[in-house]
Amino acid sequence: MRVRLVTPYQLTLGMELLECSSGRSISRMKANRRIAKAPGNPNLDPLALMGFIDQGLSQSLKGLIAAEIGISTFDLRIGLLSGSSMGDELTLTAEAVMVGKTSATVTGSVTNSSKDIVGTATA
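Conventions adopted
- Residues numbered from 1 in each chain as written.
- Predicted model: local features only at pLDDT ≥ 70, side-chain atom pairs only at ≥ 80, totals over all residues.
- Heavy atoms only, no water.
- Helix = DSSP H or I, 4+ residues; strand = E, 2+ residues; numbered from the N terminus.
- Rg over C-alpha atoms; globule rule 2.2 N^0.38 Å.
- Buried < 20%, exposed > 50% of the residue type's maximum accessible area, 1.4 Å probe, protein only.
- Contact = heavy atoms within 4.5 Å.
- Lys, Arg positive; Asp, Glu negative; His and termini not counted.
- Charge placed at Lys NZ, Arg CZ, Asp CG, Glu CD.
- Pairing = 2+ DSSP bridges.
- Axes fitted to C-alpha atoms, helices over the stretch in contact; angles between N-to-C directions.

Engineer: Sorry if this is basic, but what is going on with the overall build of the protein chain here?
Structural biologist: Looking only at helices and strands, one finds two helices and eight strands in the protein chain. Mapped in sequence order, the helices and strands of the protein chain form the string α-β-β-β-β-α-β-β-β-β. Against the compact-globule benchmark of 14 Å for 123 residues, the protein chain has a radius of gyration of 14 Å, which places it among compact chains. The buried share of the protein chain, reckoned over its 123 residues, is 30%. Summarising the internal contacts of the protein chain: among those between residues at least 6 apart in sequence, 53% fall at separations of at least 24. For the protein chain, the separation between the mean place of its 12 positive charges and that of its 10 negative charges on side chains is 4 Å.

Engineer: How should I be thinking about the sheet that holds strand S6 (residues 89–99) in this particular structure?
Structural biologist: Two modes of strand pairing occur in sheets, parallel and antiparallel, and in both the strands are linked by backbone hydrogen bonds. The strand order across the open sheet formed by six strands is S1-S2-S6-S7-S8-S5, and the pairing between neighbours is antiparallel. Among the strands making up the open sheet, the edge pair consists of strand S1 (15–21) and strand S5 (77–80). For this sheet, the mean inter-axis angle between neighbouring strands, taken without regard to orientation, is 15 degrees. In terms of strand pairing, S5 meets strand S8 (residues 117–122) through four bridges, oriented antiparallel. The residue of S8 that forms the bridge with Ile78 is Ala121.

Note that all results are geometric; they support no functional claim without further evidence.
If you want it as structure tokens, here you go:
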């Protein structure tokens, strides 16, 4: 069952929220023309990839903080493996590892359709 509670930005990215439980989320993004590097180039634009990771990490906080509380990302760190194939589909598994009154730490890993890890992130 797919969860369809996503923002307009996430819809623009083509991001799907596959799982979202308290402290953990799984998101997927498939390649599409809106987020391609250039017309005729199917590779994902790096800015779309950063947006996908940022949005996916924040999904893991749903249920852990009140819905009316806004959040901002500080100290987003993304590491991507050079030379690895991103493919046409990416999956981000994110987990909240520490949640306090005014801050939280979230980690995640990005895999391609072959289930190879192509990147990690923390915020």
